[in-house]
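Next come the chains, spelled out residue by residue.
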Amino acid sequence: KQWYQRRVAITAGDFSLADGAEEVTLHQVFVRFTNTKTKQNVFFIAQADLKKKYTIDLNFRSAAAKSFGSVGGQYSVDLIVGDATLPQAMVIDVATLNLEIPDSKEPAADLSKQAKPEITHLFRQPEKRPPQAISAVFTGLVLLPALVLLIMWAKLGANISNIQISLSSIGFHGGLLAIIAIYVNFFLGVNMFTTVKCLAGVAVVTFLCGQRLLSSIAAAKKAK
Amino acid sequence: SSGINAEWPLRPGVDVVSRLYNEYNTKTPQKLKIIDAYLGYIMITGVIQFVYCCLVGTFPFNSFLSGFISTVASFVLGVCLRIQSNPQNTAVFKDITVERAFADFIFAHCVLHLVVLNFIG
């Protein structure tokens, strides 16, 4: 069969789907053109009008370029019917056509099966850091005020001459030093769980000793 | 000094500052001066950290934040300790002895340093 290069609607051959004697509309009705040489498929959806007649509207002049890619040749036409109520979709072979397209092109080469260009992953560049010298200078600069503080405290007459060497005193100050050691360990990489576990025990001891020590100091002050 | 009338009128600026300095030196108890020295140290450390951040940018922002906030929080805790141990304030803090204030100070510092070390990364 030959197609005419004009607007053709298959109303001349419109079709209807029948279930027994009754005409039905189904969910999926497609008309498929398959190029017998390149096996390329072109699908058209068939619409049903109110009288339950299906048509596909095929404006061949625009469809030739758009849908068929201007590739002429022999096409087989199938009707594909599918629906929720059908146990299996049906593919009905309707016709075989020879399409003559005026500016027929060769089918485009299929690039999808060839290797794509290679991508090299660009790892994230590390952020810019200040030069080591500046960081070292500022580290020293930050520790300097501590020295100044010690000097000022000495000038003010701060002293520990009032310290009593009792059990609670040793427990309290030792506990504080232990807490500092735990924190230094934490900074050096011990994880939080271990830190908190160690801390729990030491904290209880430090708290009890500290409470005893400070209460005794307060009582001594009151008695004075 | 024998009272304001003998020194009136004050030369602005110089006289006020020198008067403030003299009063501070003579009337502040030694313990409060010790705390004040500590507060000054904390503040200078915070300023130096801030200057460093302004110079080289905030790249490990969490580190800068944790260090800076450590100084700010230490300053606040120091101020609290000073307020609560000031003998002039005993009327306000009836039930809080100086020792209790010091214990609170130590405890808050333990929690603060744990959090700071965790955040410093």
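Note that the coordinates shown come from a computational prediction; the quantities given were computed from them, not determined experimentally.

*Asks:* So what exactly am I meant to see when it comes to the pairing of strand β5 (residues 41–45) of chain A here?
*Replies:* Each regular strand displays side chains that alternate between the two surfaces of the sheet. All names here are of chain A. Of the two faces of β5, the one holding Val-42 and Phe-44 is buried and the one holding Asn-41, Phe-43 and Ile-45 is not buried anywhere. One ladder, built from 5 bridges, connects strand β4 (residues 28–35) with β5; its direction is antiparallel. Within the sheet, the bridge partner assigned to Arg-32 lies in β5 and is Phe-43. Linking β4 back to β5 in an antiparallel pair, the connection comprises 5 residues, with Lys-39 at a positive phi of about 60°.

*Asks:* Is there a simple way to explain the nonpolar core in this structure?
*Replies:* One finds A:Tyr183, A:Leu199, B:Tyr38, B:Phe105 and B:Cys110 to be the most contacted residues of the largest nonpolar core, which totals 25 residues. Looking at this core, the elements that each hand over two or more residues are α3 (167–187) and α4 (192–223) of chain A together with α3 (30–56), α4 (61–85) and α5 (98–119) of chain B. Looking at which element gives the most residues to this core, the answer is α5(B), with 7 residues. Judged by nonpolar contacts, the second largest core, of 18 residues, contains A:Leu26, A:Val31, A:Ala46 and A:Val81.

*Asks:* I tried to follow the confidence of the model for chain A on my own but got confused; where do I start?
*Replies:* Detailed conclusions should not be drawn from predicted coordinates in areas where pLDDT is low. Residue and element names in this part refer to chain A. Confidence in the prediction for chain A averages 78 pLDDT; 79% of positions are at 70 or higher. Within chain A, α3 carries the highest mean pLDDT (91), whereas strand β1 (residues 7–9) carries the lowest (34). Within the model, pLDDT remains below 50 along residues 1–13, and this stretch shows 20 contacts once partners closer than five positions in the same chain are excluded.

*Asks:* Help me understand the interface of chain B and chain A, please; the structure alone is not making it clear to me.
*Replies:* In many reports, interface size means the accessible area that the parts give up when they come together. Listed per partner, the contact involves 29 residues of chain B and 29 residues of chain A. Summed over the shared surface of chain B and chain A, the number is 1 salt bridge. Close ionic contact of B:Glu99 with A:Lys221 constitutes a salt bridge, the shortest N to O distance being 3.3 Å. Inspection of the region where chain B meets chain A yields 6 residue pairs in polar contact (both at pLDDT 80 or more). Take the side of chain B that touches chain A: its biggest share by element is 15 residues, from α3(B).

*Asks:* Looking at this structure, I do not really get the environment of A:Leu156. What am I missing?
*Replies:* Tracing the backbone through its elements, the reader meets A:Leu156 in helix α2 (residues 132–156). Ignoring anything within four residues of it in the chain, the contact list for A:Leu156 reads B:Gln30, B:Lys33, B:Ile34 and B:Ala37.

*Asks:* How should the pairing of strand β9 (residues 73–82) of chain A be read in this particular structure?
*Replies:* Residues and elements named next belong to chain A. Most of β9 is tucked away: 9 of the 10 residues are buried. In this structure, β4 lies alongside β9, joined through 8 bridges in antiparallel fashion. Counted as the bridge partner of Val-29 is Val-81 from β9.

About the thresholds
- Along each chain, residue indices are assigned from 1 in the same order as the chain's sequence is written.
- Lettering for chains starts from A, numbering for ligands starts from 1, and both go in the order in which the items are written.
- Reporting in this predicted model follows two pLDDT cut-offs: at least 70 for local features of residues, and 80 or more for side-chain atom pairs to be given and counted; totals over whole chains, interfaces and linings ignore these cut-offs and use all residues.
- With hydrogens and water stripped out, all remaining heavy atoms of the structure feed into the side-chain values.
- Only protein chains enter the calculation, and the probe is 1.4 Å; a residue is then buried if its accessible area is under 20% of its type maximum, exposed if over 50%, and partly exposed in between.
- In this description a helix means any DSSP run of H or I spanning at least four residues, a strand means any run of E spanning at least two, and both kinds are numbered starting from the N terminus.
- Any two strands between which DSSP finds at least two bridges are classified as paired.
- The set of buried Ala, Val, Leu, Ile, Met, Phe, Trp, Tyr and Cys residues whose side-chain atoms join them within 4.5 Å is what this entry labels a nonpolar core.
- Scored between 0 and 100, pLDDT is the confidence that the predictor attaches to each residue.
- By definition in these notes, contact holds between two residues if any of their heavy atoms fall within 4.5 Å.
- Here, a salt bridge means any Lys or Arg side-chain nitrogen found within 4 Å of an Asp or Glu carboxyl oxygen.
- Think of a polar contact as two N or O atoms within 3.5 Å of one another; within protein, one of them needs to be a possible hydrogen donor and the other a possible acceptor, and neighboring residues in sequence only count if both atoms come from side chains.

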